[in-house]
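One letter stands for each residue in the lines below.
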Amino acid sequence: MLPRLEPCYGVSMIMVQLVLSEEQMKLLERESERVEILAPTGRVLGDFYCGFTPEEVQRALEVRKSNQPTFTTEEVLTHLRSLS
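Remember, predicted model here, so these are calculated numbers, not experimental data.

Colleague: Explain the overall build of the protein to me, using residue names and the numbers behind them.
Modeller: Of regular secondary structure, the protein possesses three helices and four strands. Starting at the N terminus, the α and β elements of the protein follow one another as β-β-α-β-β-α-α. Here the protein displays about 8000 Å² of accessible surface, and carbon together with sulfur accounts for 59% of that area.

Colleague: Got a sec to walk through the pattern of salt bridges? Specific residues and values, please.
Modeller: Taken as a whole, this structure holds one salt bridge when the rule is applied. Among the salt bridges present, the one from Glu74 reaches Arg81, with a minimum N-O distance of 3.6 Å.

Colleague: Describe the pairing of strand β4 (residues 44-49), naming the residues involved and giving the relevant values.
Modeller: Both faces of the sheet carry side chains from a regular strand, because those side chains alternate between them. In the sheet, strand β3 (residues 34-38) pairs with β4 via five bridges, with the strands oriented antiparallel. Bridge pairing in β4 places Leu38 opposite Val44. Turn length for the β3-β4 hairpin, with the two strands adjacent in sequence and antiparallel, is five residues, and the turn residue Gly42 shows positive phi of about 100 degrees.

Colleague: I'd love a proper account of the environment of Thr70, names of residues and values included.
Modeller: In this structure, Thr70 sits in the loop between α2 (54-65) and α3 (73-82). Here Thr70 is in contact with Val63 and Glu75, once residues within four sequence places are set aside.

Colleague: Tell me what's going on with a nonpolar patch on the surface, and back it up with residues and numbers.
Modeller: Together, Phe71, Val76, Leu77, Leu80 and Leu83 give the surface a local cluster of nonpolar side chains, amounting to about 450 Å² of exposed area. Mapped onto the elements of the fold, Leu80 is located in helix α3. The exposure class of Leu80 is partly exposed, given its relative accessible area of 32%.

Analysis parameters
- Residues numbered from 1 in each chain as written.
- Predicted model: local features only at pLDDT ≥ 70, side-chain atom pairs only at ≥ 80, totals over all residues.
- Heavy atoms only, no water.
- Helix = DSSP H or I, 4+ residues; strand = E, 2+ residues; numbered from the N terminus.
- Areas by Shrake-Rupley, 256 points an atom, 1.4 Å probe, with all protein chains shown as cover.
- Salt bridge = Lys/Arg side-chain N within 4 Å of Asp/Glu carboxyl O.
- Pairing = 2+ DSSP bridges.
- Contact = heavy atoms within 4.5 Å.
- Patch = residues over 30% accessible without salt bridge, like charges linked within 9 Å, V, L, I, M, F, W, Y side chains within 5 Å.
- Buried < 20%, exposed > 50% of the residue type's maximum accessible area, 1.4 Å probe, protein only.

Shown next as structure tokens:
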């Protein structure tokens, strides 16, 4: 049975899980940035990001230095729940 995620805007979602082989896991553990996910046909299915991109790190540092307000994950989730 697939795990259920908390409903988002009243819609129940299901998370699909893919189990990697030992060989795939070792390859993924060696990467430090981006892994491209391909179908057996070679069609690009998507990207998996390992950690943060340099751009994300730079943006976080800029926000940290600024006077912009910041919010915890719980604060954001509470606010989103209050909108429904």
